[in-house]
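Read off the chains here:
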Amino acid sequence: MTEAPAAVVEPPVNDVDPFAPEHLTTPEPLHNALREAGPVVRLSRHDVYALARYREVHAALVDWQTFQSAAGVGLANFRHSKPWRPPSLLLEADPPHHDAPRRVLREILAPPALRRLRAAWQPMADDLVDTVLATQGTDFDAFESLAKAFPLRVFPDAVGLGPDGRDNLLPYGNMAFNAFGPANALVQADAHRAADLSAWVNAQCARRALTDDGFGARIWAAADRGDLTHEQAPLVVRSLLTAGVDTTVHGLAATLYALAGHPDEWQRFRERPELARVAFDEAVRWQSPVQTFFRTATTDVEIAGSLIPEGSKILMFLGAANRDPARWNGPDRFDLTRDPSGHVGFGMGIHQCVGQHVARLEAEALLTALARRVERIELAGEPRRHLNNTLRSFAALPVHVRPVS
Amino acid sequence: MVVHNLLPTAPLQQHPSTVTLQVQDKTPVADGVVSLALVHPDGTRLPDWTPGSHIDLILPSGVTRQYSLCGDRWDPYTYRIAVLREDSGRGGSAYVHDQLMPGNLVEVGGPRNHFPLAPAERYLFIAGGIGITPLLPMIHQADVTGADWQLLYGGRNRASMAFLDELAASYGDRVQISPQDECGLLDLEAWLSQPDTGTKVYCCGPGPLLTAVEAACSRWPPYNLRTERFTAKALTEPVHRGPFEVELCRSGRTVTITPDATVLQALRQAGADVLSSCEHGTCGTCLTPVVEGTPDHRDSVLTEHERAANDCMLPCVSRSRSARLVLDL
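Numbers given for residues are sequential positions, taken from 1 along each chain in its written order. Chain labels run from A onward and ligand labels from 1 onward, assigned in the order the entries are written. At least 70 in pLDDT is required for a residue's local features to be given in this predicted model, at least 80 for side-chain atom pairs to be given and counted, and no such filter applies to totals for whole chains, interfaces and linings, which use all residues. The side-chain values count all of the structure's non-hydrogen atoms but skip hydrogen atoms and water molecules.

Chemist: Explanation requested: the overall build of chain B in the structure shown.
Modeler: Scanning chain B for helices and strands turns up eight helices and 19 strands. Relative to the globule expectation of 20 Å for 329 residues, the C-alpha radius of gyration of chain B, 21 Å, shows essentially globular dimensions. Projected onto its principal axes, the C-alpha positions of chain B cover 65 × 45 × 45 Å. Evaluated residue by residue, chain B yields a buried proportion of 53% over its 329 residues. Taking the contacts inside chain B whose residues are at least 6 apart along the sequence as the reference set, 65% of them involve residues at least 24 apart. For chain B, the computed accessible surface area is about 13,600 Å², with 49% contributed by carbon and sulfur atoms. Distance between charge centres in chain B, computed from 26 positive and 37 negative side chains, equals 3 Å. Only DSSP runs of H or I reaching four residues or more are called helices, and only runs of E reaching two or more are called strands; each is numbered from the N terminus. Note that the radius of gyration is over C-alpha atoms, with the globule rule given as 2.2 Å times the number of residues to the power 0.38. For each residue, the accessible area found with a 1.4 Å probe, counting protein chains only, is set against the maximum for its type, and the residue is called buried under 20%, exposed over 50%, and partly exposed in between. Should any heavy atoms of two residues lie within 4.5 Å, those residues are counted as being in contact. Working definition of accessibility: Shrake-Rupley area with a 1.4 Å probe, residue cover restricted to the visible protein chains. Only four residue types enter the tally: Lys and Arg on the positive side, Asp and Glu on the negative side, with His and both chain ends excluded. Taken as the charge location is NZ of Lys, CZ of Arg, CG of Asp or CD of Glu.

Here's what the structure looks like:
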């Protein structure tokens, strides 16, 4: 940023509702239109500014000083309206309050700390794929049987949850990610059970509800060392439970969808299984499981000549940035020869997904297991989307496989 | 109003393991202490930091010196450090005082934070001399969050103590200045005799001060006292400045890493698939197992314990202390 005066131009205005079902189902046409309209577009329907080009989205993501998160990363502006739950200490916080929770969770979820999980998760992934092939044969729903089943098998244990009520995890995440959008039908559909789901999740964050060897216990141990307060600890556990399940499930589904729909890429991956992490990140770029997040301007800010007034909400289209032809060659192609590094599917800057290494580890285990046992995988029908205001989600992913003979 | 210049930040650039910054300003702030303002020559954002962080200043002689960031993190374009002339040193501070001038370029590594500020109801900050530097941004932060805090600041004499005016103007009574020639040694007993679970004590200064504070806090709960020795543990092993070799043990290839390239860049050129994201040593995406050799860890992800194990590294910023590294790639 500089103080240089620039001619202020009115950004193009569009009255589209990006949270309408047709755009949630197939976001690409809207993304293309927004990117082409200009670096900043005013969305009059929700009175927000939209960024859809990689350059602007990236710049806004890293600039926490100008684009704050503490006023909420959804449409609701916490300066004026009460959040539906106590705000997240990570996602919905700015420095300095953000520092300590972020540091604690980053160390707990850093790659070196995850190495013991790698050894445990690979046999579990192998076992899951074996069981699916043995019980369901060559045609099954890869969303239900793999993308959903595997994280639910490994992640709650890694956090240290008890055995009861785990079926609340996905509905809670679905509700939390819907809440970043407008109060539309998707939000209303869950209103009747919001209190129950929240109560269950909050109860799981207590120390006594957690095993003594998981991520949750390590968060509480950090509080015992004074790196967090004991009041902060349960909210940091809540962040794991909110952000760590649905995102991974739909990220894995996106990867399986991409590989099943691109037989050449599946072959390439089978020949070089070390591409598992690249495949996952390329799928995260290509599908962007987390489609959007908002920021709030802390001051009058000018982007490419357009003025965004202080206090405005800014909607960042991560999915559009991840397919910006100014940044990516052939952006609509799922391509394992591409280096997807730098995609904003996990965000960027101080709020970049703190659990990304856990997600990559889950993906690596599941994809490796699948590549060992399956020679070919292809789509056996149109995938069914589940609509969510923030997450690009699946409801079903029918596949046909040819097991290794 | 701020205007976004939209200059690319880290991930769009080919980042070497260090970044070359420019001295924008150099100001005496006490007897024998200058403060430097460092900016990127292109005006881009500098990597984010948190209070307690330090950067490495890599001087032309090859000497690396660590200095705490003592500026304003809400200004992402400027790092501020304060450097005490240490005549007994190896010439690092003398170079900064005598030769490094506004407009000059200097190589900088980091930032890294081994002295983070943890939340507390109350803070007691204890600074000895130039040890005030990491505490300055902590004090600002404690003030922003509305915590109750006090600063006890000792030094040889007033003229030798940096930032007195800044502290007095901003914080008034919360700051107690105790120059030794006026008040004698800091009366630690008076401040620390009553252990208080709600107070965290942050202390930075010369060794004897830290030892005295540790002794005075012996009855305090564990973890309430947090210290940093501003005379950074001497860099006994020099940072390897010349080229070194990296062997990829799975593929059997060997690449030579020249000073102008990162290990990550060289690995990619050799055809290895190493995923990365921030390319600044902060996100951990490119973590790679090390089979043989000693990495020169320059990231802010690994803990001290993990660094010491030397069994993994972040090739986007880290280099080698040994002539050869073997990576599990």
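Now, onward.
Chemist: How should the pattern of salt bridges be read in this particular structure?
Modeler: Oppositely charged side chains can pair when the atoms bearing their charge come close. Residue and element names in this part refer to chain A. A pairing counts as a salt bridge when a side-chain nitrogen of Lys or Arg comes within 4 Å of a carboxyl oxygen of Asp or Glu. Applying the stated rule across the entire model yields 44 salt bridges over all chains. A salt bridge links aspartate 332 to arginine 323, with the nearest nitrogen and oxygen atoms 3.1 Å apart. One network of salt bridges, in which partners are shared, links Glu28, Arg323, Asp332 and Arg392.

Chemist: Explain the packing of aromatic side chains to me, please; I cannot follow it from the model alone.
Modeler: Two aromatic rings are characterised by how far apart their centres lie and by the angle between their planes. Residue and element names in this part refer to chain A. Note on aromatic pairs: the rings of Phe, Tyr and Trp (six-membered ring only in Trp) are paired at centre separations within 6.5 Å, and the planes decide the class, stacked below 30 degrees, edge-to-face beyond 60, tilted for the rest. Throughout the structure, instances matching the rule amount to 18 aromatic pairs over all chains. Measuring from centroid to centroid gives 6.0 Å for tyrosine 54 and tryptophan 328, while their planes differ by 90°, and the two rings are edge-to-face. Taken together, the positions of tyrosine 54 in helix H3 (residues 54–62) and tryptophan 328 in the loop between helix H15 (318–321) and helix H16 (356–373) put the pair 274 residues apart, joining distant regions of the chain. Assessed through its relative accessible area of 3%, tyrosine 54 is described here as buried. Their ring planes at 50° and their centres at 6.4 Å tell us that phenylalanine 280 and phenylalanine 346 sit as a pair that is tilted. Placement of the pair is phenylalanine 280 in helix H14 (residues 276–287) and phenylalanine 346 in the loop between H15 and H16, with a sequence separation of 66 residues.

Chemist: How should I be thinking about the sheet that holds strand E4 (residues 67–68) of chain A in this particular structure?
Modeler: Whenever strands of a sheet pair, they do so through backbone hydrogen bonds, lying parallel or antiparallel. Residues and elements named next belong to chain A. If DSSP finds at least two bridges between two strands, the strands pair. One open sheet accounts for six strands, arranged E1-E2-E3-E9-E6-E4; its pairing is mixed. Pairing within the sheet leaves two strands with one partner each, and these edge strands are strand E1 (13–14) and E4. Direction of pairing for E4 relative to strand E6 (residues 292–297): antiparallel, over a ladder of two bridges. Bridge assignment links glutamine 68 to a residue of E6, and that residue is threonine 296. Angles run from 0 to 180 degrees between N-to-C directions of axes, and those axes are lines fitted to C-alpha atoms, restricted for helices to the stretch in contact. Packing against the sheet, helix H2 (residues 28–37) makes contact with E1, strand E2 (41–43) and strand E9 (313–317), and its axis sits at approximately 130° to E2. Sitting on the sheet, H3 touches strand E3 (48–51), E4, E6 and E9, and the angle it makes with E9 is about 125°.

Chemist: Looking at this structure, I do not really get the pairing of E9(A). What am I missing?
Modeler: For a regular strand, side chains alternate in direction, first toward one face of the sheet and then toward the other. All names here are of chain A. Of all the five residues making up E9, five are buried; the element is thus mostly covered by neighbouring parts of the structure. Of the two faces of E9, both are covered, the one formed by Lys313, Leu315 and Phe317 as well as the one formed by Ile314 and Met316. Two strands pair when backbone bridges link them, and E3 and E9 are joined in this way by three bridges, in the parallel orientation. Looking at E9, one finds that tyrosine 49 is bridged to isoleucine 314. In terms of strand pairing, E6 meets E9 through five bridges, oriented antiparallel. Considered in E9, the bridge of arginine 295 is made with isoleucine 314.

Chemist: I tried to follow empty space enclosed by the protein on my own but got confused; where do I start?
Modeler: Where empty space is left in the structure can be found by rolling a water-sized probe over the atoms. Residues and elements named next belong to chain A. Using only the protein atoms, space was sampled on a 1 Å grid; points where a 1.4 Å probe fits but cannot get out form cavities, open sets with protein on both sides within 12 Å along at least five of seven lines form pockets, and lining residues are those with an atom within 4 Å of a point. Grid points are joined across faces, edges and corners, and a volume is the space filled by probe spheres set on the points. As enumerated under the stated definition, the model contains seven cavities of 30 Å³ or more in all. Estimated volume of the largest cavity: approximately 730 Å³. Considering the residues around the largest cavity, the lining is formed by 41 residues, among which Ala243, Thr247, Cys353, Val354 and Gly355 are closest to the centre. Listed by contribution, the elements that provide at least two residues to the lining of the largest cavity are helix H4 (99–108), helix H11 (232–243), helix H12 (246–261), H14, E6 and H16. Residue contributions to the lining of the largest cavity peak at four residues, all from H11. For the lining of the largest cavity, the per-class residue count stands at 24 nonpolar, 13 polar and four charged. Roughly 180 Å³ of volume is contained in the second largest cavity. Forming the boundary of the second largest cavity are 20 residues, of which Pro18, His23, Leu24, Pro27 and Gln291 lie nearest the centre. Three classes are used, and their members are as follows: Ala, Val, Leu, Ile, Met, Phe, Trp, Tyr, Cys and Pro are nonpolar, Asp, Glu, Lys and Arg are charged, and the others, Gly among them, are polar.

Chemist: Any chance you could explain the domain arrangement of chain B here in plain terms?
Modeler: Accessible area lost on assembly of the parts is the figure often given for the size of an interface. Residues and elements named next belong to chain B. Those domain boundaries reflect an automatic or database domain assignment. Here chain B is partitioned into domain 1 (16–112), domain 2 (122–229) and domain 3 (244–327). Here domain 1 and domain 3 share an interface that buries about 670 Å² over both sides, 52% of which is from carbon and sulfur atoms. Connecting domain 1 to domain 3 are zero salt bridges. N or O atoms within 3.5 Å of each other form a polar contact, as long as, within protein, one can give a hydrogen and the other can take it, and as long as residues adjacent in sequence are counted only when both atoms are side-chain atoms. Counting across the domain 1 and domain 3 interface gives one residue pair in polar contact (both at pLDDT 80 or more). Counting only elements with at least two residues in the side of domain 1 that touches domain 3, the list comes to strand E4 (53–58) and strand E7 (105–113). Two parts placed together each lose some accessible area under a 1.4 Å probe, and adding up what both lose gives the buried area.

Chemist: Even after reading the chapter, I still don't get helix H6 (residues 207–216) of chain B, so can you show me in this structure?
Modeler: For an α-helix, 3.6 residues make a turn, and residues three or four places apart therefore share a direction. Residues and elements named next belong to chain B. Burial in H6 covers these residues: Leu209, Leu210, Val213 and Ala216. Across the axial projection of H6, the buried residues extend over an arc of 125°, all falling on one side. Facing away from the buried side of H6 by over 90 degrees, the exposed positions are Pro208 and Ala215. Directions pointing from the helix axis toward each C-beta atom define the arc.

Chemist: Would you explain the sheet that holds strand E14 (residues 253–257) of chain B in this entry?
Modeler: All names here are of chain B. Taken in spatial order, the five strands line up as E14-E13-E19-E15-E17 in an open sheet, and their pairing is mixed. Among the strands making up the open sheet, the edge pair consists of E14 and strand E17 (312–313). Here strand E15 (residues 288–292) runs beside E17; their pairing, made up of two bridges, is antiparallel. Along E17, the bridge assignment pairs proline 289 with cysteine 312.

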